[in-house]
Amino acid sequence: MSTYELPDLPYDYAALEPAIDQRIMELHHDKHHQGYVDGANAALDTLEQMRENGDYGDIKGVERNLAFNLSGHVNHTVFWENMSPDGGGEPGGELADALDEHFGGFDQFKSHFSAAAKGVEGSGWGFLVYDHVADKPLVTVAENHQNQTPQGVTPLLVLDVWEHAYYLQYENGRGEYVDSFWDVVNWDDVAQRYDQAKNADVLGQHSH
Ligand code: MN
């Protein structure tokens, strides 16, 4: 029995058109995300074998595979839920208040996030996360799925900027893809993640 499983998309493959083409969603969910799920499960199996054999010769590579593939699984799981065919517009409520307080307003947040996502070198992600140390939202980025990004945070809004996420439709136009993403953001989902993160005592203390 596998520990990690591919979640269903919460909408049809074509539901996010014209922002994201059906064929991209088919390949992205069924092939790429499935690959990360399989990779994470394989890493767990290998680690179990290592414990049984007492042979940790390739431990460095296996732990790296676990971090890469499990981070890929987590990021994509949040990414699908962050989008909706009924998305777009702007957030309301406490999330809107937090973006005002910590970014100077929604437009400034959007510019910051877009610039960060467009600026990722090679494959990676743009993130809006909740920082449990300072108790506030942050914009961060990851190279690959997990590099160059801080610990102690919960993902709220994530944007995949690997070429597999946009190249079939936008070719080398990552900027146009990032700009189109805002048309399908499910702010209700982001707001729910913000509310849950804000109220979770993840670090067991408040050590500002
Ligand atoms: Mn991807």
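For the structure itself, look to the data block above.
Since the structure is predicted, the reported quantities are computational estimates derived from the model, not experimental observations.

1. As for the packing of aromatic side chains
Inference 1: A complete count under the given rule lists 20 aromatic pairs for this structure.
Inference 2: Consider the rings of Phe79 and Trp125, whose centres lie 5.6 Å apart with planes at 90°: the pair is edge-to-face. Residue Phe79 is located in helix α2 (residues 59-81), and its partner Trp125 is located in strand β1 (residues 124-131); the two are separated by 46 residues in the primary sequence. Each member of the pair, Phe79 as well as Trp125, is classed as buried.
Inference 3: Ring pairing ties together the aromatic residues Phe79, Trp80, Phe103, Phe106, Phe109, Phe113, Trp125, Phe127, Phe181, Trp182 and Trp187, which thus form one cluster.
Inference 4: Over the aromatic face of Phe68 sits the side chain of Arg64, whose NZ or CZ is 5.6 Å from the ring centroid.

2. Topic: the nonpolar core
Inference 1: By size, the foremost hydrophobic cluster in this structure holds 49 residues, and its most contacted members are Phe109, Leu128, Leu157, Tyr177 and Phe181.
Inference 2: Those residues in contact with Phe109, other than ones at most four positions away along the chain, are Leu99, Phe103, Leu128, Val139, Leu157, Trp182 and Trp187.

3. Considering the pattern of salt bridges
Inference 1: Here the structure, examined in full by the defined rule, presents five salt bridges.
Inference 2: Among the ionic pairs, Arg23 bridges to Glu26, the shortest N-O distance being 2.9 Å. Here Glu26 and Arg23 lie together in helix α1 (residues 22-53), a separation of three residues that amounts to about one turn.
Inference 3: When the shortest N-O distance is used, the salt bridge between Lys118 and Asp179 registers 2.9 Å. Taken together, the positions of Lys118 in helix α4 (residues 106-118) and Asp179 in helix α6 (residues 174-181) put the pair 61 residues apart, joining distant regions of the chain.
Inference 4: Via salt bridges that share partners, Glu94, Asp195 and Lys198 belong to a single interconnected network.

4. What about the sheet that holds β1?
Inference 1: Pairing within the open sheet is antiparallel, and its three strands lie in the order β2-β1-β3. Of all strands in the sheet, those with a lone pairing partner are β2 (136-143) and β3 (153-160), marking the two edges. Each strand of the sheet is rotated relative to its neighbour by a mean of 25°, with strand direction disregarded.
Inference 2: The sheet contact formed by β1 and β2 spans eight bridges and is antiparallel. Note that in β2 the partner of Trp125 across the bridge is Ala142.
Inference 3: Contacts from α2 reach β1 and β3, with the element oriented near 75° to β3.

Quick notes on the rules
- Residues numbered from 1 in each chain as written.
- Predicted model: local features only at pLDDT ≥ 70, side-chain atom pairs only at ≥ 80, totals over all residues.
- Heavy atoms only, no water.
- Phe/Tyr/Trp six-rings, centres within 6.5 Å; stacked < 30°, edge-to-face > 60°.
- Helix = DSSP H or I, 4+ residues; strand = E, 2+ residues; numbered from the N terminus.
- Buried < 20%, exposed > 50% of the residue type's maximum accessible area, 1.4 Å probe, protein only.
- Lys NZ or Arg CZ within 6 Å of the ring centre and 35° of its normal.
- Core = buried A, V, L, I, M, F, W, Y, C linked by side-chain atoms within 4.5 Å.
- Contact = heavy atoms within 4.5 Å.
- Salt bridge = Lys/Arg side-chain N within 4 Å of Asp/Glu carboxyl O.
- Pairing = 2+ DSSP bridges.
- Axes fitted to C-alpha atoms, helices over the stretch in contact; angles between N-to-C directions.

The values reported here are purely geometric and, on their own, carry no functional implication.
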